[in-house]
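The chain contents come next:
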Amino acid sequence: MLDKLIQGFDFHATALQLRAERGRTLAGNLANADTPNYKARDFDFKQALAQATGLAQHGAALTSTAHMKASAAATSPTLLYRVPMQSSLDGNTVEMDVERASFADNTLRYEASLRFLNGQIRTLMTAISGGQGQ
């Protein structure tokens, strides 16, 4: 029982770490929008999460404590270069509209993950206290 709870928290913690890393990457793109020859970077969140949680190898959620857990290196996803829709004269591939939309989407998903995790913790606290103190 406790293993399932820990696995759930581990999954969400890994997702939050990856969302934070993606936020830093996208913020770097926005900060370098005027830097000549800067190449915008990003990563596939779904693929990075699958790798970090072991779903890529196992094809399903970890069901045993004998399975390998995510390592710190697994939450450092492989950065890819973004292909621009329209090239620029200075070689910069940052497209502000794309970056802003990606940044906003990532921020909303980060907040949603936090709210979900908060709800799980609140539910556990209610179960532990037996509904007292509400």
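Because the structure is a prediction, the values reported are computed rather than measured.

### Some thoughts on the nonpolar core
No. 1: Core analysis: the largest hydrophobic core is formed by seven residues, namely Ala15, Leu18, Phe43, Phe45, Ala48, Leu49 and Ala52.
No. 2: Looking at this core, the elements that each hand over two or more residues are helix 1 (2-31) and helix 2 (45-53).
No. 3: Here the element with the most residues in this core is helix 2; it accounts for four residues.
No. 4: Once you skip the residues sitting within four places of it in the chain, Phe43 turns out to touch Leu18, Glu21, Arg22, Thr25, Ala48, Pro77, Thr78 and Leu79.

### Some points on the pattern of salt bridges
Oppositely charged side chains are able to pair whenever their charged atoms sit close together.
No. 1: Inspection of the entire model under this criterion finds seven salt bridges.
No. 2: The salt bridge involving Arg24 is made with Glu21; its shortest N-O contact spans 2.9 Å. Of this pair, Arg24 and Glu21 both sit in helix 1, separated by three residues, roughly a single helical turn.
No. 3: Exposure remark for Arg24: the relative accessible area of 52% places this residue in the exposed category.
No. 4: Overall, the relative accessible area of 25% leaves Glu21 in the partly exposed class.
No. 5: For Asp42, the salt bridge goes to Arg22, with nearest N and O atoms at 2.9 Å. Of this pair, Asp42 sits in strand 1 (residues 41-42) while Arg22 is found in helix 1, placing the two residues 20 residues apart along the sequence. Across this residue pair, the class does not change: Asp42 and Arg22 are buried.
No. 6: Each of Arg22, Asp42, Arg82 and Glu99 takes part in salt bridges that share partners, so that together they form one network.

Analysis parameters
Residues numbered from 1 in each chain as written. Predicted model: local features only at pLDDT ≥ 70, side-chain atom pairs only at ≥ 80, totals over all residues. Heavy atoms only, no water. Core = buried A, V, L, I, M, F, W, Y, C linked by side-chain atoms within 4.5 Å. Buried < 20%, exposed > 50% of the residue type's maximum accessible area, 1.4 Å probe, protein only. Helix = DSSP H or I, 4+ residues; strand = E, 2+ residues; numbered from the N terminus. Contact = heavy atoms within 4.5 Å. Salt bridge = Lys/Arg side-chain N within 4 Å of Asp/Glu carboxyl O.

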